[in-house]
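Chain by chain, the residues run as shown.
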Amino acid sequence: MAGEEGLGVRAAVVCSAADQGVAALTNILVLVVAARLSTAEGFAAFSVVYTVFTVLLGLSVSYVGQALVLERGAAAGVRGACRSALAFTAAAAAGVGAAMAIGLAAVPGGTAHGLAVLGLVLPIVLTQDGMRYCFATMRLPHHALAIDAVRLAAVLPALAIQPYGAGPARLVAAWGLSALPALLVGTVLLAPRLRGLPAKPRDLLRRDHLGRRFAVEFAVGNALSQLAIVGLGLIASQLAVGALRGATTLFGPLNVLFNAATAFGPPILRRAASASRQVRATVILTAVLAGAAAAWAVLLIALPRWLGREILGETWNSSAALLPATGSQYTAMAAGTCALLTLRVLRPRATLPIQVVFSLLSVAFLLTGYALGGVLGAAWGLCLGSVLKACAGWTRIALARRDA
């Protein structure tokens, strides 16, 4: 596809998972360091800014990155699509960032100033992240891992040298500008492969561009999950919400694996010679991820109470009771993630209805479960939603193979 120097399947899987892990670790450490440097009010403002960035990043990944990794065809065409995607990302980020910076620069308050600075650095951080998907598409996930490692190595010192009590605007500036070394390394690695190819960013505005559907999927899923949390917070105690969040947080490492499969799985999966082999590969991946989720759940359930309290503090006591339900949910999520990954390759337009319908059902099950059985019922409600989504996904795959 994209060149003879692409990694083998095993090496590509390892590098893709490692890259997603480094990216997730970077996000976690940024928040930890920022929390240690900030006052309570300052960190609250920084958290709002970082949440806005997370949403913008998710939209960028959905609209550009996830559509890009589905590109197929001749190597020159795939690399041309990568150049177009980077040009679109840089231009869109510059436009959105400029609007944020101009619109919020004169608004008082630490949050507004932090968002204004985010607008200034947005083209840097989103373009750097977009390079990861170019490398994945060209079967070079080790280069994606390299630039994310540079990003991690640069951001921690950049934040650590800031004085205690630094405002959110200063922290956002340090965080954003620290992406420049990774952006430079990515440019050096990409330039020889993209040089001389036409950039057609307007192609990403076509009505049939798959990124539109993927962005809607992200928006619906993200918005519904936030609304579910808000809704539960309105009818439940803060302890109940904290317990649910705590239990989910403990399964963070599995989110890394699921995100790696979704983001970087399609280029690897396309190496299979037929649809049957692609499905067999994802069935094996399902077994691996589901086994990992179940093993992680057993490990967490077996943790001594004193160690659990070291991890989650006072929240551990209430979160520990939810671990069987949350572990079952993540085991089902493994099957659902692999089903959606398979559909992204076989029938990319089939994932949107599944995401919308079962995101709505998960919210309904969450609230109904809480009404029937408290926070434990809410956790089992989320599990039921994940089970049904996985069943729907694999049923759709069976129908697609029958109709092929």
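Only a predicted model underlies this, so the values are computations on that prediction, with no experimental measurement involved.

Novice: So what exactly am I meant to see when it comes to the overall build of the protein chain here?
Specialist: Summing up its helical and strand segments, the protein chain has 15 helices and zero strands in all. Here the protein chain holds 404 residues, and 48% of them are scored as buried. In the protein chain, the proportion of contacts linking residues at least 24 apart, taken out of those at least 6 apart, comes to 81%.

Novice: What exactly am I supposed to notice about the packing of aromatic side chains here?
Specialist: Two aromatic rings are characterised by how far apart their centres lie and by the angle between their planes. Taken as a whole, this structure holds seven aromatic pairs when the rule is applied. Taking the centre distance of 5.8 Å and the plane angle of 20° together, the rings of Phe46 and Tyr50 count as stacked. With Phe46 and Tyr50 both in helix H2 (residues 40-68), this residue pair falls four residues apart, about one helical turn. The interplanar angle of 75° and the centroid separation of 4.8 Å between the aromatic rings of Phe53 and Trp175 together place this pair among those described as edge-to-face. Of this pair, Phe53 sits in helix H2 while Trp175 sits in helix H6 (residues 168-177), and the two are 122 residues apart along the sequence.

Novice: In this structure, what is going on with the packing of helix H5 (residues 141-160) against helix H7 (residues 180-194)? I would like to understand it.
Specialist: Packed helix pairs are specified by the crossing angle of their axes together with the interaxial distance, meaning the distance between the axes. In the contact formed by H5 and H7, the axes pass within 7 Å of each other and the chain directions differ by 160°. Classified by the angle between their axes, H5 and H7 sit roughly antiparallel to one another. Between H5 and H7 the crossing geometry is right-handed. Judged by residue contacts, His143, Ile147, Val150, Arg151 and Ala154 of H5 engage Pro181, Ala182, Val185, Gly186, Leu189 and Arg193 from H7.

Novice: I keep staring at the nonpolar core and nothing clicks. Help me out?
Specialist: General note: in soluble globular proteins, nonpolar side chains tend to be found buried as a group. Ranked by size, the top nonpolar core spans 52 residues in total, and within it Phe53, Leu118 and Trp175 carry the most contacts. Looking at this core, the elements with two or more residues in it are helix H1 (9-37), H2, helix H3 (75-104), helix H4 (110-137), H5, H6 and H7. If one sorts the elements of this core by residue count, H4 sits on top with 13 residues. What Trp175 contacts, discounting residues up to four positions off in sequence, is Val30, Tyr50, Phe53, Leu118, Val121, Val125, Arg151, Val155 and Leu159. Of all hydrophobic cores here, the second largest spans 15 residues; its members include Phe258, Leu289, Ala293 and Tyr330.

Novice: Is there a simple way to think about the pattern of salt bridges in this case?
Specialist: When the charged atoms of two side chains lie near each other, side chains of opposite charge can form a pair. One pass over the full model with this rule turns up five salt bridges. Note that Asp19 is salt-bridged to Arg132, the shortest N-O span being 3.0 Å. Here Arg132 lies in helix H4 and Asp19 lies in helix H1, a separation of 113 residues in the sequence. Take Asp19: its relative accessible area is 1%, and that puts it in the buried class. Using a relative accessible area of 3% as the deciding quantity, one classes Arg132 as buried.

Novice: Teacher, can you tell me more about the side chain of Lys389 here?
Specialist: Here Lys389 is to be found in helix H15 (residues 351-403). Buried charge without a partner: Lys389 forms no salt bridge, and the closest opposite charge is Glu217, 8.2 Å away. Non-local contacts of Lys389, meaning those with residues more than four positions away in its chain, are made with Ile354, Gln355, Phe358 and Ser359.

Novice: Sorry, what's going on with the environment of Ala158 here?
Specialist: Note on placement: Ala158 falls in helix H5. Under the relative-accessibility criterion, Ala158 is labelled buried at 18%. Taking the C-alpha atoms as reference points, Ala158 and Trp175, 17 residues apart in sequence, are found 6.8 Å from one another. Not counting chain neighbours up to four residues away, the residues in contact with Ala158 comprise Ala174 and Ser178.

Novice: I keep staring at the confidence of the model for the protein chain and nothing clicks. Help me out?
Specialist: Close inspection of predicted coordinates is inappropriate for parts of the model with low pLDDT. Here the protein chain averages 85 in pLDDT, and 89% of its residues register 70 or above. For the protein chain, helix H9 (residues 238-249) is the element with the lowest average pLDDT, namely 69, and H7 is the one with the highest, namely 95.

Novice: What's the story with the environment of Trp175 in this structure? I'm lost.
Specialist: For Trp175, a relative accessible area of 4% puts it in the buried group. Each C-alpha atom of the pair Trp175 and Val30 lies 8.0 Å from the other, and the pair is 145 residues apart in sequence.

Novice: Before we go on, may I ask you to explain H5 in this structure?
Specialist: Every α-helix winds through 3.6 residues per turn, so residues three or four apart in the chain are directed the same way. In a regular helix each residue adds 1.5 Å, so 20 residues correspond to 28 Å; H5 covers 29 Å between its end C-alpha atoms and thus fits that length. Taken residue by residue, H5 has Pro141, His143, Ala144, Ile147, Asp148, Arg151, Leu152, Val155, Ala158 and Leu159 as its buried positions.

Novice: What is the right way to read the state of the cysteines from this model?
Specialist: The bond known as a disulfide is covalent and runs between the sulfur atoms of two cysteines. Under the definition given, this model contains zero disulfides. For the unlinked cysteine Cys134, the closest cysteine sulfur is that of Cys82, found at 4.2 Å.

Novice: Any chance you could explain the side chain of Ser178 here in plain terms?
Specialist: Here Ser178 shows up in the loop between H6 and H7. Judged by relative accessible area, Ser178 falls into the buried class, the value being 6%. Aside from chain neighbours lying at most four places away, what touches Ser178 is Arg151, Ala154, Val155 and Ala158.

Novice: I keep staring at the environment of Ala320 and nothing clicks. Help me out?
Specialist: Relative to the elements of secondary structure, Ala320 occurs in helix H13 (residues 316-320). The partly exposed category is assigned to Ala320, whose relative accessible area is 27%. A C-alpha to C-alpha distance of 9.7 Å links Ala320 and Leu244, two positions 76 residues apart in sequence.

Novice: Just checking my understanding: could you explain helix H11 (residues 275-301) for this structure?
Specialist: When the terminal C-alpha atoms of H11 are compared, their 38 Å separation across 27 residues agrees well with the 39 Å that a helix rising 1.5 Å per residue should span. Here H11 has its buried residues at Gln278, Val279, Thr282, Thr286, Leu289, Ala290, Ala293, Ala297 and Leu300.

Novice: Explanation requested: the packing of H4 against H5 in the structure shown.
Specialist: In contact at an axis separation of 7 Å, H4 and H5 are set at 155° when each is read in the N-to-C sense. As far as their axial angle goes, H5 and H4 are roughly antiparallel. The element H4 and its partner H5 pack so that their crossing is left-handed. Along the contact surface, H4 presents Val125, Gln128, Met131, Arg132 and Phe135, while H5 presents Pro141, His143, Ala144, Ile147, Asp148 and Arg151. Along the lines of polarity and charge, the residues of the contact of H4 with H5 split into six nonpolar, two polar and three charged.

Definitions and limits used
Once a new chain begins, its residue numbering starts again from 1 and follows that chain's sequence as written. In view of the model being predicted, local features appear only for residues whose pLDDT reaches at least 70, and side-chain atom pairs are presented and counted only at 80 or more, with totals across whole chains, interfaces and linings using the full set of residues. With hydrogens and water excluded, all non-hydrogen atoms of the structure serve as input to the side-chain values. Where helices and strands are cited, they refer to DSSP runs of H or I of at least four residues and of E of at least two residues respectively, numbered from the N terminus. For every residue, the accessible area (1.4 Å probe, protein chains only) is compared with the maximum for its type, and the residue is labelled buried under 20%, exposed over 50%, or partly exposed between those bounds. Residues count as neighbours in contact if any of their non-hydrogen atoms are within 4.5 Å of one another. Stacked, tilted and edge-to-face are the three classes applied to pairs of Phe, Tyr and Trp rings, where Trp contributes its six-membered ring and a pair requires centres within 6.5 Å; stacked means planes under 30 degrees apart, edge-to-face means over 60, and tilted covers the rest. Angles run from 0 to 180 degrees between N-to-C directions of axes, and those axes are lines fitted to C-alpha atoms, restricted for helices to the stretch in contact. Any angle that falls under 35 degrees is termed roughly parallel, while one over 145 is termed roughly antiparallel, one within 65 to 115 roughly perpendicular, and all others oblique. Note: crossing handedness is left-handed where the near helix turns anticlockwise from the far helix by less than a right angle, and right-handed where it turns clockwise. The criterion is simple. A nonpolar core is a set of buried Ala, Val, Leu, Ile, Met, Phe, Trp, Tyr and Cys residues joined through side-chain atoms within 4.5 Å. By definition, a salt bridge exists where a carboxyl oxygen of Asp or Glu is found within 4 Å of a side-chain nitrogen of Lys or Arg. Charge assignment in this entry is limited to Lys and Arg as positive and Asp and Glu as negative, and neither His nor the chain termini are counted. pLDDT expresses how confident the predictor is about each individual residue, on a scale running from 0 to 100. One less than the residue count of a helix, multiplied by 1.5 Å, gives the span that helix is expected to have. Criterion for a disulfide: a pair of cysteine sulfur atoms within 2.5 Å. Side-chain classes are defined by residue name, with Ala, Val, Leu, Ile, Met, Phe, Trp, Tyr, Cys and Pro counting as nonpolar, Asp, Glu, Lys and Arg as charged, and the others, Gly among them, as polar.

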